[in-house]
Amino acid sequence: MSEVEAVQIIAESLKEQGVEYVFGIIGIPVIELSMAFQVAGLKYIGMRNEQSACYAAQAIGFLTGKPAVCLVVSGPGLLHVTGGMANAQVNCWPLLVIGGSTSQDHGEGIGGFQEYPQVEMSRPYCKYAARPPTASLIPLHVEKAVRYATYGRPGVSYLDFPGNLLQSRVQQDKIYKTLPHPVAPLVYPAHDDVIRAANLLRTAKRPLVIIGKGAAYAHAENILRHFIENTNLPFLPTPMGKGVVSDTAPQCVSSARSLALQKADVVLLLGARLNWILHFGKPPRYSADVKFIQVDICPEELHNSVQASIAIQSDIKPFAEQIFEQMNAVNFELPNDNPWWEELADKCKRNREQVRSMALQTASPLNYYTVFHHLRELIPRDAIIVSEGANTMDIGRTMLFNILPRHRLDAGTFGTMGVGPGFAIAAALYCRDRYPGKRVICVEGDSAFGFSGMELETMVRYKLPITIVIVNNNGIYGGFDQEAFDAIRNSGDLSQVTPPSALGVQVRYEEMMKMFGLSGYFCKEIPELQAALKDAQKLSDKPTIINVAINPSSDRKPQTFNWLTESKL
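Residues numbered from 1 in each chain as written. Predicted model: local features only at pLDDT ≥ 70, side-chain atom pairs only at ≥ 80, totals over all residues. Heavy atoms only, no water.

**Brief notes about the overall build of the protein chain**
Helix and strand counts for the protein chain come out as 23 helices and 19 strands. Taking 25 Å as the expected radius of gyration for a compact globule of 569 residues, we find that the protein chain reaches 25 Å, a close match to that expectation. With respect to the principal axes defined by its C-alpha atoms, the protein chain has extents near 80 × 70 × 45 Å. Of all 569 residues assigned to the protein chain, the portion counted as buried reaches 57%. Pairs at least 24 residues apart make up 77% of the contacts formed inside the protein chain by residues separated by at least 6 positions. Per element, the accessible surface of the protein chain, about 22800 Å² overall, is 52% carbon and sulfur. Taking the average place of the 53 positive charges on the side chains of the protein chain and the average place of its 55 negative ones, the gap between the two points comes to 4 Å. (Helix = DSSP H or I, 4+ residues; strand = E, 2+ residues; numbered from the N terminus. Rg over C-alpha atoms; globule rule 2.2 N^0.38 Å. Buried < 20%, exposed > 50% of the residue type's maximum accessible area, 1.4 Å probe, protein only. Contact = heavy atoms within 4.5 Å. Areas by Shrake-Rupley, 256 points an atom, 1.4 Å probe, with all protein chains shown as cover. Lys, Arg positive; Asp, Glu negative; His and termini not counted. Charge placed at Lys NZ, Arg CZ, Asp CG, Glu CD.)

This is how it looks when you write it as structure tokens:
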């Protein structure tokens, strides 16, 4: 009976479980494993930073529902991805991390090379973490890791492989065979709870639907679009719930977000959590007597922060189908001349006019709203938008529309900076393999871009046509113009007088393209931005950077409530 190498068993086991992509950085002891992945038909993308590799792998998990692998070396390699593991776990995105570790027969326990308690260290960030004890058991652990990452509330799995295990062989008849794990079972709602929810919505004076990224992950867009259109209920999307129902739908009240949250008397939560993004469901952000109908796949999430009036454990899609039937059975529709709709519509109109007045201010230096307005006018309506930063991300959420689900990726629930380039690489590969011609627009603050900017080389190497737009305000939250910056820096020790929020003035990030014999764009005026965007859309096999200099003091529109700015929404 022939022998099989452990690395081949790992690769073929992943392939058997439907894994398609691996992102990573190789080194001892995983070099041979990375090559075995390619032999088995997996797509390996070599990254420049372990965190970015982890961000890319989890973005594939959100986009496809199947975890990608983040492959890392022992010790520091795994430690560098813990931020990404935590981000995936908090975001509820499927991810599988595979780490090499110190050979058990060459120093484990006595200070081996890059030795670290990797399984124990990973457990706080995982649903499942294990070290297969023998090569023959690898298929069982791979199946379990992929299944845990996708079943129930999605999350992270970690598998640890010591160097001696990776170098081992096992007789073929000793390998435990597994089948591909079945599709995750759907959780259906209790019928009586659906009826109660429908009755509460029908009798509400000021109903509101909040669509979260759980609804996007559940692929519930078709039924939810019918539900919103037929009932004419106002809705708000969470940042990555955008596009489940189009941002351009007449029922979207994002422009009156504060009013909608504060005055709603019944709120239907669909795959959205009452965490900081939704102000924990508490006054003064909400009415003291608001009633929540909470629908979530995870029972532990029910009644979190506030007690829901109706709490339903269910996948979003079957719940949406059943409540649509209940509402449709009595031809329920909230009329546009309802006082609640009239109040919301008036607030939406006034806020849009205020934003429009800012967006049309084209004099240099530019403001955020002007940049995003003209960006929205020229990027494809079906583009996948990746974004991170402070004001860049927050204002961009309101200005850059999504008409399709799973077409926005940003810092998310964990507020993690540095995710942009990794997310964009994943999205570009996803588009290349499934939707050729679809564009990826990566909108970065200048500070955020600095976390992972060298992934630009990865984009060039794999011929990914990503348009990177850097909204450059010379700082974190805000910076300084050249005159003020020079005055500050000439006043004493630079480490004591340079404001912690300051970055260099109009850093020419687009010049990075010259490293690859390519050109970028530096824009101060709207016609320059328009020309750059049109040129970028012509690129089919390479990225580009459009560096847009804006007013360092540019900020969001004036807020009625300071807690809007405090929570960075």
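**Quick look at helix 16 (residues 391–399)**
Residue pairs three or four apart in sequence face the same way in an α-helix, which turns once every 3.6 residues. The buried fraction of helix 16 is high, at eight of nine residues. When helix 16 is considered as a whole, its buried residues turn out to be N391, T392, M393, D394, I395, G396, R397 and M399. Next to the buried residues of helix 16 lie helix 14 (339–359), helix 15 (368–378), strand 14 (384–388), strand 15 (408–410), strand 16 (440–445) and strand 17 (466–472).

**As for the packing of aromatic side chains**
Summed over the entire model, instances satisfying the criterion amount to nine aromatic pairs. An angle of 50° between the planes, with centres 5.2 Å apart, marks the rings of Y128 and Y148 as tilted. Taken together, the residues span a long stretch of sequence, with Y128 in strand 6 (residues 128–130) and Y148 in helix 7 (residues 138–150) at a distance of 20 residues. Taking 5.4 Å as the distance between ring centres and 65° as the angle between the ring planes, the aromatic pair formed by Y286 and F292 counts as edge-to-face. The exposure class assigned to F292 is buried, which follows from its relative accessible area of 2%. Ring-pair connections join several aromatic residues into one group, and the members of that group are Y55, F62, W93 and F423. The ring of F401 has R376 lying over it, and the distance from NZ or CZ to the ring centre is 4.5 Å. Cation over ring: R508 sits above F522, and NZ or CZ is 4.0 Å from the ring centre. (Phe/Tyr/Trp six-rings, centres within 6.5 Å; stacked < 30°, edge-to-face > 60°. Lys NZ or Arg CZ within 6 Å of the ring centre and 35° of its normal.)

**Points about the nonpolar core**
Judged by nonpolar contacts, the single largest core of 116 residues is most densely connected at F23, M85, V97, L224, F227, L409 and I466. Beyond its immediate stretch of four places on either side in the chain, L409 contacts A59, F62, L63, W93, M240, I385, V386, S387, F423 and A427. Judged by nonpolar contacts, the second largest core, of 33 residues, contains V22, L33, V146 and L159. (Core = buried A, V, L, I, M, F, W, Y, C linked by side-chain atoms within 4.5 Å.)

**Focus: the sheet that holds strand 11 (residues 266–270)**
Read from one edge of the open sheet, five strands run 10-9-11-12-13, paired in parallel fashion. Because the sheet does not close on itself, it has two edges, and the strands there are strand 10 (235–237) and strand 13 (310–313). Direction aside, neighbouring strands of the sheet carry axes that sit 15° apart on average. Alignment of strand 9 (residues 207–211) against strand 11, held across five bridges, turns out to be parallel. The residue bridging I211 from the neighbouring strand is L270, located in strand 11. (Pairing = 2+ DSSP bridges. Axes fitted to C-alpha atoms, helices over the stretch in contact; angles between N-to-C directions.)

**Re the pattern of salt bridges**
Within this structure, the stated rule accounts for 23 salt bridges. Among the ionic pairs, E457 bridges to R461, the shortest N-O distance being 2.8 Å. Of this pair, E457 and R461 both sit in helix 19 (residues 455–461), four residues apart, which is roughly one turn of that helix. Given the relative accessible area of 19%, E457 is considered buried. Across the pair E511 and K514 runs a salt bridge, and its minimum N-O distance is 2.8 Å. E511 sits in the partly exposed class, given a relative accessible area of 33%. Of the residues examined, K514 reaches a relative accessible area of 57% and is grouped as exposed. Several salt bridges share partner residues, and in doing so they unite E20, K43, R432, D433 and R434 into one network. (Salt bridge = Lys/Arg side-chain N within 4 Å of Asp/Glu carboxyl O.)

**With respect to the environment of A40**
Summarising the element assignment, A40 is placed in the loop between helix 2 (31–39) and strand 3 (43–46). Spatially, the C-alpha atoms of A40 and K15 are 7.1 Å apart, while their sequence positions differ by 25 residues. Excluding residues that lie within four positions of it along the chain, A40 makes contacts with A11, E12 and K15.

**Notes on the sheet that holds strand 5 (residues 95–101)**
Pairing between sheet strands relies on hydrogen bonds along the backbone, with the strands arranged either parallel or antiparallel. Reading across from one edge, 3-2-4-5-7-6 is the order of the six strands in this open sheet, with parallel pairing throughout. Both outer strands of the open sheet, strand 3 and strand 6, are each paired with one neighbouring strand and no more. Taken pair by pair, the neighbouring strands of this sheet meet at an average axis angle of 20°, ignoring direction. With seven bridges joining them, strand 5 and strand 7 (residues 156–162) adopt parallel strand pairing. Counterpart to L95 in the pairing with strand 7 is V156.

**Remarks on unusual backbone geometry**
Residue P29 is bonded to the preceding I28 through a cis peptide linkage, with omega at 10°. Relative to the helices and strands, P29 resides in the loop between strand 2 (21–24) and helix 2. Residue P284 is reached from P283 by a cis peptide bond, and omega for that bond is 5°. Backbone geometry places N474, a non-glycine residue, at a positive phi of 70°. Among the structural elements, N474 can be located in the loop between strand 17 and helix 20 (482–489). Given the relative accessible area of 2%, N474 is considered buried.

**Overview of the environment of I470**
Considering the arrangement of structural elements, one finds I470 in strand 17. Linking I470 and Y509, residues 39 residues apart in sequence, is a C-alpha distance of 8.1 Å. The contacts of I470, once residues within four sequence positions are left out, are E444, G445, D446, F449, Y509, I545, I546, N547 and V548.

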